[in-house]
Amino acid sequence: MSDRSPAPPSDRRTFVSKVAAVVIGGLITVAAPIAGLFPILDPLRRRGETRGMVRVTSFASLPESGEPRKFPVLDTLVDAWNRTENVPVGSVYVQRTGENSVRVLNSVCPHLGCSVGYNAAGHGYFCPCHKSSFTVDGAIADPKSPSPRGMDPLEAVVKDGEVWVKFQNFRKGSPERIAV
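The present account deals with the structure reproduced in this document. (Residues numbered from 1 in each chain as written. Predicted model: local features only at pLDDT ≥ 70, side-chain atom pairs only at ≥ 80, totals over all residues. Heavy atoms only, no water.)

1. A short note on unusual backbone geometry
Part 1: For His123, which is not glycine, the phi dihedral falls at a positive 50°.
Part 2: Summarising the element assignment, His123 is placed in the loop between β5 (117-119) and β6 (124-126).
Part 3: Under the relative-accessibility criterion, His123 is labelled exposed at 55%.
Part 4: Although it is not a glycine, Lys131 sits at a positive phi angle of roughly 65°.
Part 5: Along the chain, Lys131 turns up in the loop between β6 and β7 (133-135). (Helix = DSSP H or I, 4+ residues; strand = E, 2+ residues; numbered from the N terminus. Buried < 20%, exposed > 50% of the residue type's maximum accessible area, 1.4 Å probe, protein only.)

2. Description of the pairing of strand β2 (residues 69-78)
Part 1: As judged from the nine bridges shared by β2 and strand β3 (residues 83-96), these two strands associate in the antiparallel manner. Across the sheet, the residue bridging to Leu77 is Thr84, located in β3.
Part 2: Counting the residues that bridge the hairpin from β2 to β3 gives four residues. (Pairing = 2+ DSSP bridges.)

3. Details of the packing of aromatic side chains
Part 1: Inspection of the entire model under this criterion finds two aromatic pairs.
Part 2: The aromatic ring of Phe59 is capped on one face by Arg96, whose charged end is 4.2 Å from the ring centroid.
Part 3: Positioned above the aromatic ring of Trp164, the side-chain terminus of Lys159 is 5.5 Å from the ring centre. (Phe/Tyr/Trp six-rings, centres within 6.5 Å; stacked < 30°, edge-to-face > 60°. Lys NZ or Arg CZ within 6 Å of the ring centre and 35° of its normal.)

4. What to know about the state of the cysteines
Part 1: Using the criterion set out here, one finds one disulfide in the structure.
Part 2: Across the disulfide from Cys114 sits Cys129; the S-S distance is 2.0 Å. Judged by the sign of its S-S torsion, about -110°, the bond between Cys114 and Cys129 is left-handed. Taken as a pair, Cys114 in the loop between β4 (102-106) and β5 and Cys129 in the loop between β6 and β7 lie far apart in primary sequence, 15 residues in all.
Part 3: Note on Cys114: relative accessible area 16%, which makes it buried. (Disulfide = S-S within 2.5 Å.)

5. Quick word on the side chain of Asp152
Part 1: Mapped onto the fold, Asp152 is located in the loop between β7 and β8 (153-159).
Part 2: When near neighbours in sequence (up to four residues on either side) are disregarded, Asp152 contacts Val104, Leu105, Asn106, Pro110, Phe170 and Arg177. (Contact = heavy atoms within 4.5 Å.)

6. A few points about the sheet that holds β2
Part 1: With antiparallel pairing, six strands are arranged side by side in an open sheet as β1-β9-β8-β4-β3-β2. The open sheet has two edge strands with one neighbour each: β1 (53-58) and β2. Averaged over all adjacent pairs, the angle separating strand axes in this sheet is 40°, with direction ignored.
Part 2: The sheet contact formed by β4 and β8 spans two bridges and is antiparallel. Within β8, the position partnered with Val104 by the bridge is Leu154. (Axes fitted to C-alpha atoms, helices over the stretch in contact; angles between N-to-C directions.)

7. Quick word on the pairing of β4
Part 1: Taking burial as the measure, the five residues of β4 include four buried ones, the bulk of the element.
Part 2: Summarising the sheet, β3 and β4 pair through five bridges and their orientation is antiparallel. The residue bridging Tyr93 from the neighbouring strand is Leu105, located in β4.
Part 3: Taking the residues between adjacent antiparallel strands as the criterion, β3 and β4 are bridged by five residues.

This is the structure in structure tokens:
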């Protein structure tokens, strides 16, 4: 009679379970720190949002006479972690120039950045800080004006009865229109 003793436990099973435990442990060890880096590096991988067109007013609110009206510009500001809706970033003068067209001027004086007012009686714009004056289309009205250039025109479109403006500011005191 042959004496059969029980077979020793399979070394293969223990080997496979140990390898699986090491692989899963390694994946968890590597994956957890990588997953943790995403929220930290998120602001760096986001593309900076360029200011696009901003809705300013309805076309119907502009007088048919072509008299300019001043409107605030409200935009969405985005920094690394925050998004703030409807933040005042400036103001513009909007003037109806045709059936479906407008002229938009930044309301900031190109001389030193004061707020320009519209003078309906004088049919033009006037800066109270240093007495710069501008025509209705934004050109310098007085050759003795301290302003180095006319008022800054902005890109605008009328779409679906709404006036949309690409708002931007320009360097003050420079004869060239340089966006800042």
